[in-house]
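# Overview (structure and organization)
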Amino acid sequence: MKAILMAGGEGSRLRPLTISRPKPMVPLVDRPVMGQIIELLKRHGITEIIITVQYLANIIQDFYGDGSAFDVNIVYSVEEMPMGTAGAIKYASRLLPDDEPFLVISGDALTDFDLTELIEAHRSARDAIATITLTRVPNPLEYGVVITDEQGRIKQFLEKPSWGEVFSDTVNTGLYVLDPSILEHIPFNEPYDFSKDLFPKLLARGSRLNGYIAEGYWTDVGNIEAYMRACADYLSGKVNLPRMGLNSGGEVWTEGEVEIAPDAQLHGPVFLGHGVKIKGGAIIYGPSVVRDYTIVDARATVDRSVIWRNSYIGERAELRGAIVCKQCNIKSRSLLFEGVVVADSTIINSGAVIQPNVKIWPSKEVEEGATVSASIIWGAQGRRVLFGRYGITGLVNIDLTPEFCAKLGAAYGAILPKGSTVTMNRDAHYTPRMLKRALIAGLPSAGINVLDVHSVPIPVARYLTHALKAAGGIHVRLSPMDNRVVDIKFFNGQGLDLGTDVERKIENAYFREDYRRVYLDEIGRITEANNLPNIYGEHFINRLNSEALPIMAQHFSVVVDYASSNAAPYLGAILRQLDIDVVALNANTDEDRLFQTAEQFQAGMQRLAAIVPVMNADLGVRVDSGGERIFVVDDTGHRLTDTELLAALTSLVLEANAGGQVAVPVTAPRLFERLADRYKGQIKRTKTALGALMQQATKCSELRLLGDGAGSLIFPAFYPVADGLFAIVKLMELLARAGVRLSEVRRTLPRSTMARTKVPCRWENKGKVMRILNEQYAQRSPELIDGIKIELGSEWVLILPDPDGPFIHVIAEGTSDEQAQVLTEKYAGLVMGLQ
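Residues numbered from 1 in each chain as written. Predicted model: local features only at pLDDT ≥ 70, side-chain atom pairs only at ≥ 80, totals over all residues. Heavy atoms only, no water.

## Some thoughts on the overall build of the chain
The following threshold applies: Counting from the N terminus, the helices are the DSSP runs of H or I reaching at least four residues and the strands are the DSSP runs of E reaching at least two. The buried label goes to any residue with under 20% of its type's maximum accessible area, the exposed label to any with over 50%, and the partly exposed label to all in between, with areas taken from a 1.4 Å probe on protein chains only. In this analysis, two residues are considered to be in contact whenever any of their non-hydrogen atoms come within 4.5 Å of each other. The protein chains shown are the only cover counted for residues, whose accessible areas, like all others here, come from Shrake-Rupley with a 1.4 Å probe.
What the chain contains, in helices and strands, is 21 helices and 55 strands. A principal-axis box enclosing the C-alpha atoms of the chain has dimensions of 115 × 60 × 50 Å. By the burial criterion, 57% of the 835 residues in the chain qualify as buried. Sequence separation of at least 24 residues holds for 58% of the intrachain contacts in the chain that already meet a minimum separation of 6. Looking at the chain as shown, the accessible area adds up to about 34,500 Å², and 48% of this sits on carbon and sulfur atoms.

## Examining the environment of Ile-392
With respect to the element layout, Ile-392 can be found in strand 37 (residues 391–395). According to the relative accessible area criterion, Ile-392 is buried, its value standing at 0%. Sequence separation of Ile-392 and Gly-620 is 228 residues, and the distance between their C-alpha atoms is 33 Å. Once residues within four sequence positions are removed from consideration, Ile-392 is found in contact with Leu-386, Phe-387, Leu-400, Phe-404, Leu-408, Val-486, Asp-487, Ile-488 and Phe-490.

## Regarding helix 17 (residues 690–699)
Within the sequence span of helix 17, burial applies to Leu-690, Gly-691, Leu-693, Met-694, Gln-696 and Ala-697. On its buried face, helix 17 sits against helix 9 (458–467), strand 48 (682–686), strand 49 (703–707), strand 50 (713–715) and strand 51 (719–722).

## Topic: the pattern of salt bridges
The cut-off we apply is this: Criterion for a salt bridge: a side-chain nitrogen of Lys or Arg within 4 Å of a carboxyl oxygen of Asp or Glu.
Counting across every chain of the model gives 39 salt bridges. Notably, a salt bridge pairs Asp-108 with Lys-23, separated by 3.4 Å at the nearest N-O pair. In this pair, Asp-108 is assigned in the loop between strand 6 (102–106) and strand 7 (109–111) and Lys-23 in the loop between strand 1 (3–6) and strand 2 (27–28), connecting sequence segments 85 residues apart. The pair Asp-108 / Lys-23 is uniform in exposure class, with both members buried.

## Considerations on the nonpolar core
Heads up, the condition is: In these notes, a set of buried Ala, Val, Leu, Ile, Met, Phe, Trp, Tyr and Cys residues joined through side-chain atoms within 4.5 Å is what counts as a nonpolar core.
Phe-540, Leu-619, Leu-713 and Met-732 are the most contacted members of the largest nonpolar core, which totals 77 residues. Element by element, the count of residues in this core is highest for helix 18 (residues 724–738), at 10 residues. Residues contacting Phe-540, with those up to four places away along its chain left out, are Ile-574, Phe-718, Leu-725, Phe-726 and Val-729.

## Here we look at empty space enclosed by the protein
The line we're drawing: Site definitions follow a grid-based scheme: protein atoms alone, a 1 Å grid, a 1.4 Å probe that fits but cannot get out for cavities, and for pockets an open set with protein on both sides within 12 Å along at least five of seven lines, plus lining residues having an atom within 4 Å of a point. Grid points are joined across faces, edges and corners, and a volume is the space filled by probe spheres set on the points.
Under the definition given, this model contains three cavities of 30 Å³ or more. Space inside the largest cavity adds up to approximately 40 Å³. Forming the boundary of the largest cavity are Ile-37, Ile-105, Ser-106, Ala-109, Thr-111, Thr-173, Leu-175 and Trp-218. Broken down by secondary-structure element, the contributors of at least two residues to the lining of the largest cavity are strand 6, strand 7 and strand 11 (170–178).

## Quick notes on the pairing of strand 12 (residues 209–213)
Going by this rule: Criterion used throughout: strands pair if DSSP finds at least two bridges between them.
Counting buried residues in strand 12 gives four out of five residues, a clear majority hidden from the surface. When strand 8 (residues 130–136) meets strand 12, the two strands line up parallel, connected through five bridges. Residue pairing in the sheet places Thr-131 in a bridge with Asn-210 of strand 12.

## A look at the confidence of the model for the chain
Keep this limit in mind: Scored between 0 and 100, pLDDT is the confidence that the predictor attaches to each residue.
Confidence along the chain averages 88 in pLDDT terms, with 96% of residues attaining 70 or more. Every residue in residues 161–167 is under pLDDT 50, and counting partners more than four places away or in other chains gives 15 contacts.

## Here's the deal with the environment of Gln-602
Structurally, Gln-602 can be placed in helix 14 (residues 598–614). Along the primary structure Gln-602 and Thr-148 are separated by 454 residues, whereas in three dimensions their C-alpha atoms are 79 Å apart.

## Considering the pairing of strand 6
Summarising burial for strand 6: five of the five residues are buried, a large majority. Of the two faces of strand 6, the one lined by Phe-102, Val-104 and Ser-106 and the one lined by Leu-103 and Ile-105 are each fully buried. As paired strands, strand 1 and strand 6 are joined by four bridges and run parallel to one another. What sits directly across from Leu-5, in strand 6, is Ile-105. Across three bridges, strand 6 lies against strand 11 in antiparallel orientation. Bridged to Val-104 within strand 11 is Tyr-176.

## Regarding the packing of aromatic side chains
Just so we agree on the cut-off: The rule is short: rings of Phe, Tyr and Trp, with Trp giving its six-membered ring, pair when the centres are within 6.5 Å, and they are stacked under 30 degrees, edge-to-face over 60, tilted in between. A ring is scored as having a charge over it whenever the NZ atom of a lysine or the CZ atom of an arginine sits within 6 Å of its centre and within 35 degrees of its normal.
Per the stated rule, a full pass over the model turns up 22 aromatic pairs. Ring plane angle 65 degrees and centroid distance 6.1 Å describe the contact between Tyr-463 and Tyr-536, whose orientation is recorded as edge-to-face. Of this pair, Tyr-463 sits in helix 9 while Tyr-536 is found in helix 11 (residues 535–542), placing the two residues 73 residues apart along the sequence. Overall, Tyr-463 belongs to the buried group, its relative accessible area being 11%. Assessed through its relative accessible area of 3%, Tyr-536 is described here as buried. Site record: aromatic cluster; members linked through ring pairs are Tyr-463, Tyr-536, Phe-540, Phe-715, Phe-718, Tyr-719 and Phe-726. In this arrangement the basic side chain of Lys-758 is found over the ring face of Phe-807, its NZ or CZ atom lying 4.3 Å from the centre.

Here you go:
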């Protein structure tokens, strides 16, 4: 017997699950819904299948093909427009034999009915033109109720009755065995329905319609609630169909290779698809589905939820009775409540809360910390902003994929003149290598040449971009704060961070897909920069004070921890050229050690502090993985804080130049003004972002030093970028010229007491809070550089919105530690009260 599988349904009640797929292709645990029906047909020896398709027909045809991969033979009846259930059968009748009954089954229901018994029941009733499979349900209001007599002959149909019309609990399941003569009663090429049109017509003519009450499981996967119930029933073993994968114990079913951390907790029934990763401390409560290649990160909780393939559930995120469709990114600390549906390719940013029964349509982005209480259907699709504080930042292979980077490279190329050159650089880790090659692939398509400098420290890459007269540069690095995250930093022709106007141009080109595709002979060339002259090192030496070099060579010993980065070949060669005695730690590049946790970093600094006095060294320095920041230990083994390091260098620079200007951010304490008074210098306050400091360094020729108070130092006389390599040697030069040890400089620094806190503030409230504060404290905020700085005599408070998250920072300097803490708490409460 042949079967016709009805798979033309659009599934409007299942939206947004069915926005980009037909209803029968919605995944139900380990297969699409219609895949479960195909398995049922095979079980009963039915392998000749005609599939009727209409809505997104190509998705079904591409997935199942001719059926050979599923051990069945499939042909398709493709409708140009919806024909109704009976109309679709008439349209497919050319594929049926003329003298045999055939089976009709819905591709969007889940059942394990005994089809062999159904077929036998039809053959037993020799004069029946149709046998309709019935089942008993507790609530028949949503179905077509069927009333039969004692012999099983159908007497009446009631389509979706009211309770006053309910005379039976047997309903039509949409599963029929039909005699070919029934086709004569169906008009051709017009919409026609079994329950509404054909069966009442046949009943009125006196034709025999049999009702077969089947035993077993059946549900119509017609809405979100029914879909979740069907998944739970299937996982719980209520559906007698073949299962994919193996039961690894505790009703945890796994298909293929999965990775489950030893301290993860799984409470079945749970299905894990191939390539799933469950990280440490994660908890999954069944019934739950986690499909192929999805990652559930550390300490996340998944409770009675369904997650489709290639999605990411971030650290400490919680899903409670939610559906997450394919290629979604649910970031850390997000919370999804009962009935939430997140459709394909959607990003839920950190800390967002999605309230019960909210549905988010495909390709949307929910901002960090937002609370969503209404469904998001319309509006801009996808992220509208790419650039943040650290360039373009995201989870590797989730936010930042090779295809994203190829398009990004093309978008960057589109805003540059044809024939320009862009330098490409990365750190030593393998994830930036992958994304860098994707970026390289996009640039030549826009007519941009690529000079690949491979893997050099960021300051070297910045200088080479300028020295080689490139139009710009790109550096791809593993984030120093999270080894799952990659930063893509863009440089202009000077090697500085891009301005916001250029960033907006790149974003516009990317989102509009306004890529420039050049002709064959204009495609950019990719050049490997293997034998670049040491122009960075030569410029480095030329910018040092020649009188101090012999003193440094004679007296200085330094311990340098390269932190397994790529800085060792460059700084090591310069220090050897200067004849400085060096003890090198972690000088070999090791991609597995580029990222270190806070605990590992502290342990490394403690080792450095212990080694320096033992080696009788003048100082110890750790270089960060990008070569931009340094962390310093003095000759006594004392680790300088970032503020102490900037203050020590400020003191040395002002003394060496008999004054001059030094720039520090608005967040730095007032001890810098006291140092300036000591040496008759000047302090210039700037914005807090490192890019703003670099821009300031290019504008003001009188600046001798700029620092962000976080280990990044800029000496404009060398080059106006943060350069940890030059800062190390410049620190030694300044100490040699002053004839002092670093510990002596540290002891002369004025004291300061600072405190800071972070207040949650929704994006839409930030502007209001800052406006009210500006109005209230206008008299006490003489300068608006970055945030609102409230002057309180010998104390001050800075209220600064976070550029990347829904927070406002409160930073205070007080006359004592206790007073600084009191100020932060007072103004944090004020910010909270203004929201």
